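Summary of structural features
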Amino acid sequence: MPVSHKRVYRDELIPSGLVPLGKRCSDREEQNRIDVSEHMARGEPRRVFLKWMAAIAGSAAAIVAAVPALGAALFPIRNRTVTEGEGFIPVGDVSDLTQGAPLKAAVRATRVDGWSQTKGVELASVWLEKKPDGSVKAFSSICPHLGCSVDYLPDSGTFNCPCHGSVFARDGRIVSGPSPRALDPLETRVEDGRVLVKFERFVCGTPDRRKA
Amino acid sequence: MATGAKKLLSEVAPRGAFAAALRAFLDERIPGGARFVYVFGSALVILFAVQAITGIGLALYYSPSATNAWASVFYIQHKVAFGQLLRGLHHYGASAMILVLGLHMLQTFTFGAYKQSRAFVWWTGLLLLFIVIAFGLTGYLLPWDQKGYWATRVATDIMATVPVIGRALQYALQGGNEYGNLTLTRFYAIHVVILPLLLTGLAVGHVALFRRMGGITPSWRLLDRRPDPAAKRWVLTLPVAALLFAAGISTALFLPLGWAVAAACAAGAIPIATQLARSAGLVSSKDDPAVVGEFWPDQLARNAVFSLGVVAVLAALSAYRPAPLDAPADPTVNYLPRPDWYFLFLFQLLKYFEGPLVVVGTLLIPGLITLVLIALPLLDRGAVRSPLAPQRAPFLLFMYSLVAGIFILTYLAIRADQKNPEVARLRREADRSAARAIEVAKDGVPPEGAAALLASDPREQGRRLFRRSCDSCHSLDGAGGAKAPDLTGYLSRSWIAGLIRNPDDPRYYGKTKLHEMESYAGLGETQIAQLSKFLSALAAHDVAPEKYPAELRDGFKLYQQAECESCHSLQPGEEGPAPNLAGYGSPRWLRDFLRDPGTGLYYGKDNEMPVFGKRLTADQLESVVAFLRDLAPAIEDRHANAALLAPPRAGTEHR
């Protein structure tokens, strides 16, 4: 077959090269197939080893890529991605308040939303009322029922929710309506005539008060 | 229950379809047996999978808008759990894809595996190459940092040089007449939707075609094993030399990626070189042409091991050399654009063509090379695959000259930058801005965006004001005027020591009208060091000498002994023949001094410095003060500009 005086490349002699299994069957193909089965019969422990090697190395590579992707994907479950108005926030002057007449005040604070930071964002509003001892009482205006905004009606002296008709007394107690708990009180402090409120959000619709 | 479930499963399962699909994937015959040298194609699939997975992770946080992009990438890198690794894998994975793709292509070519009926495999492969390059180009812009912004602008400006349709092409790609929000949304859509779809479809076609044709048996396995005196050995030496050359250069020069590139080149060069040596009959081959290996598990195990190695290198790089994030893109800030390393050869090519010939470098040469690559299977005809066959020599010569050309141009580009101190200076400034941006972004970025954050930062503003208002007279870091003292390391101990040694040095007051002070080199180095330490400490103790803390007493005593006090008073507000040094370098001193350097407290009548109290607003003045106070720590950290600060050598002692 090979010609002695000229260099011969075998691929010139076998133009079919390698044909996918079962496509065309020359004698050469038949020969190869026998080799495969013999090879398999001979190398069984080797095959097992190779299978394990493929599985372990492949899984390890997959884990290296999957761990950071999953870690990043699940990051928001355990971390706060939005923070707003932590600590005591000034909401107004004591001199603006009068006893017996709750006043609504906006809570403005810095909101950090992911990477962006916005100053002076209106987060929510609070109802403030001056007490005889000079301290200030504050309720979150968010209705504990389903999160609507409660209004103060001076005529009845109650906080009324326009959504589902919950009615609260001036001290926050439930008077009537579907709300499962009283209005949410907020911690306050008075410094140099300024009213500071520690603003918090609570889970709506539960009888007990849980931080959101 | 179990039998019930089995029954249910057997009812819904398409009979044998899963097994058939699996078989179709795993059944491939490897002529001559499995080899590590065949891993590159599979490694590319794995690398693409890594890019896809990490890309999804990044997309959970990334925000494609001019105001948010940088900040969101910053957030990923510095706040999100595993963010650094996530972004690192994606960043270095892109480079790895280019590298492995290059090796895969070179190998396919060298083994002649693209000939005849495999031409379509080659052509789909070429398309995939361009898609991967497009991935790199679009991805580079997405962080919207200085580096990505400026480099990508150059690329789209080049696009505009295409005759007739250039402008339309540029506007279509950048989403309008200028870079902005629409550029980012467009690049993002291309990067995460269009290109992945194209790549997946083409890759499936590429692999299916390859499977259909079957792998080739590299010619050395079919070769008559007797050494052939007629074989053109130079063809063998050429690729090996090119790859080793490449490895050497990259080790020395690709600074951030140096060892990874070199290792990858070596890893690619060794098997190719040994196989070529085998084919030349230089090394005896134990291959039995009759042996046929199987893809599963023989080849797949090797592919998995190689891929794990590559991914491990990427993870290590991400951990020890986090993916870079430059300062936020700002069109108003001077920046030296450089493309990613795999485009450096094209960048270098542009330097050789000017004026109307620019189009030769930007379009003609790359276009012609692309055409030849496409035409290769049509030109390199016949069944002979051996790289040693004389009829293939011209094509090998072309391909390896191309490879060598790419490496040489890359080398020249890096070399030119390394030899240019201006490049190094601009790089240092950019690094400082980047570090500062990351520092100020920690608490959140304002709604106007990250660039605004940096521009309103006092220290960064101070740097910019310095470049605008001060550096026509004062130089800093090797750039700027020479009429007034060089402020590199201003207020640091070494800077003060240099001043004490020779105030008349041109780098200090030599070029000004202030020549009253003589050299105090005669004090000796120990005393100069103590004196400089004392003077640099005054910045933190802006009080009258009576109130100095204990650690300043010795320095103060020395100050008096050296008779500094006879000219430079240390009593706050006391005028004298030379500048008052009470609280020297403190914010109060700098502010006062800059406001009017010509009062009796400072330079007096010989003052040539402008009255900055009139030129700058109070805020701007504070920014410059903050900036100047930062120069000392900068140099003490860096030990740069050693020549300026080193004590004079013996023999050049001051007269």
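What you see is a predicted model; the values in this text were computed from it and never measured.

Looking now at the side chain of T362(B). Residues and elements named next belong to chain B. Within the secondary structure, T362 sits in helix α15 (residues 358–379). A distance of 3.4 Å separates a polar atom in the side chain of T362 from the backbone oxygen of V359. Not counting residues within four places of it along the chain, the set of residues in contact with T362 comprises I158, T161 and L350.

This part is about the confidence of the model for chain A. Residues and elements named next belong to chain A. Of all residues in chain A, 80% have pLDDT values of 70 or greater, and the mean over the chain is 80. Per-element confidence in chain A ranges from a low mean pLDDT of 41 for helix α1 (residues 10–13) to a high of 94 for strand β8 (residues 167–168). Here residues 1–35 is modelled with pLDDT under 50, and outside its nearest four sequence neighbours on either side it reaches 46 contacts, counting other chains as well.

This next bit is on the packing of helix α6 (residues 119–141) of chain B against helix α9 (residues 181–213) of chain B. Residue and element names in this part refer to chain B. At their nearest, the axes of α6 and α9 sit 9 Å apart, and the two run at 160° to each other. With respect to α9, the element α6 is oriented roughly antiparallel. Considering how the two elements wind past one another, α6 and α9 form a crossing that is left-handed. Taken together, the residues of the contact of α6 with α9 sort by class into 22 nonpolar, 7 polar and no charged.

Right, let's talk about the nonpolar core for a bit. Residue and element names in this part refer to chain B. If you look at the biggest cluster of nonpolar residues, it comprises 84 residues, and the most contacted ones within it are W70, F109, W122, W144, L373, L376 and M399. If you tally residues by element for this core, the top one is helix α5 (residues 83–110), at 12 residues. Every residue in contact with W70, bar those within four places of it in the chain, is listed here: P143, W144, D145, L325, D326, A327, P328, A437, I438, A441 and A450. Listed in part, the 47 residues of the second largest apolar core include L499, I500, L514 and L570.

Before going further, it helps to spend a moment on the state of the cysteines. Residues and elements named next belong to chain A. Within this structure, the stated rule accounts for 1 disulfide over all chains. In this model C148 forms its disulfide with C163; the gap between the sulfur atoms is 1.9 Å. On the sign convention where negative is left-handed, the bridge of C148 and C163, at about -95° about the S-S bond, is left-handed. Here C163 lies in the loop between β7 (158–160) and β8 and C148 lies in the loop between β5 (136–140) and β6 (151–153), a separation of 15 residues in the sequence. A residue is classified by how much of its surface remains accessible, and C163, at 40% relative accessible area, is partly exposed. Among the cysteines around C143, which has no disulfide bond, C161 carries the closest sulfur, lying 3.8 Å off.

Turning our eyes to something else, we now look at the packing of helix α3 (residues 40–59) of chain B against α5(B). Residue and element names in this part refer to chain B. Where α3 contacts α5, the two axes come as close as 9 Å, and the packing angle between them is 160°. It follows that α3 is roughly antiparallel to α5 by the angle criterion. Crossing angle aside, the handedness with which α3 passes α5 is left-handed. Grouping the constituent residues of the contact of α3 with α5 by class yields 14 nonpolar, 9 polar and 1 charged.

All names here are of chain A. Tracing the chain through its elements places T188 in strand β10 (residues 185–191). With a relative accessible area of 25%, T188 lands in the partly exposed category. Non-local contacts of T188, meaning those with residues more than four positions away in its chain, are made with F88, V136, K137, A138, L196 and V197. There is a polar contact of 2.5 Å between the side chain of T188 and the backbone oxygen of V136.

Right, let's talk about the sheet that holds strand β2 (residues 88–93) of chain A for a bit. Residue and element names in this part refer to chain A. Taken in spatial order, the 7 strands line up as β1-β3-β4-β5-β10-β11-β2 in an open sheet, and their pairing is antiparallel. Looking at the sheet topology across the chains shown, the edges are occupied by β1 (82–84) and β2. Taking the axes of each pair of neighbouring strands and ignoring which way they run, one obtains an average angle of 40° across the sheet. Summarising the sheet, β1 and strand β3 (residues 103–113) pair through 3 bridges and their orientation is antiparallel. Within β3, the position partnered with T83 by the bridge is V112.

In this description, a pair of aromatic rings is defined by centroid distance and the angle of the planes. Considering all chains together, one arrives at 34 aromatic pairs over all chains under this definition. Aromatic pair W115(A) and Y75(B): ring centres 5.9 Å apart, planes at 70°, arrangement edge-to-face. Linking W115(A) in the loop between β3 and β4 (116–130) with Y75(B) in helix α4 (residues 69–78), this pair reaches from one chain into another. Per residue, the accessibility class of W115(A) equals that of Y75(B), and both read buried. Ring centres of F593(B) and Y602(B) lie 5.4 Å apart, and the angle between their planes is 80°; on these two criteria the pair is classed as edge-to-face. Y602(B) carries the same exposure label as F593(B), and that label is buried. Here the aromatic cluster, defined as three or more aromatic residues joined through ring pairs, consists of Y509(B), Y584(B), W589(B), F593(B), Y602(B) and Y603(B).

Moving on, we come to the side chain of N580(B). Residue and element names in this part refer to chain B. You can see N580 is positioned in the loop between α22 (550–561) and α23 (587–595). Take N580: its relative accessible area is 2%, and that puts it in the buried class. Within the structure, the side chain of N580 is placed 2.8 Å from the backbone oxygen of Q571, a separation counted as a polar contact. At 2.8 Å, the side chain of N580 and the backbone oxygen of E574 are in polar contact.

The rules behind each value
Residues numbered from 1 in each chain as written. Chains lettered and ligands numbered in written order. Predicted model: local features only at pLDDT ≥ 70, side-chain atom pairs only at ≥ 80, totals over all residues. Heavy atoms only, no water. Helix = DSSP H or I, 4+ residues; strand = E, 2+ residues; numbered from the N terminus. Polar contact = N/O pair within 3.5 Å; in protein donor to acceptor, adjacent residues only side chain to side chain. Contact = heavy atoms within 4.5 Å. pLDDT = per-residue confidence, 0-100. Axes fitted to C-alpha atoms, helices over the stretch in contact; angles between N-to-C directions. Parallel < 35°, antiparallel > 145°, perpendicular 65-115°, else oblique. Left-handed = near helix turned anticlockwise from the far one by under 90°. Nonpolar A, V, L, I, M, F, W, Y, C, P; charged D, E, K, R; others polar. Core = buried A, V, L, I, M, F, W, Y, C linked by side-chain atoms within 4.5 Å. Buried < 20%, exposed > 50% of the residue type's maximum accessible area, 1.4 Å probe, protein only. Disulfide = S-S within 2.5 Å. Pairing = 2+ DSSP bridges. Phe/Tyr/Trp six-rings, centres within 6.5 Å; stacked < 30°, edge-to-face > 60°.

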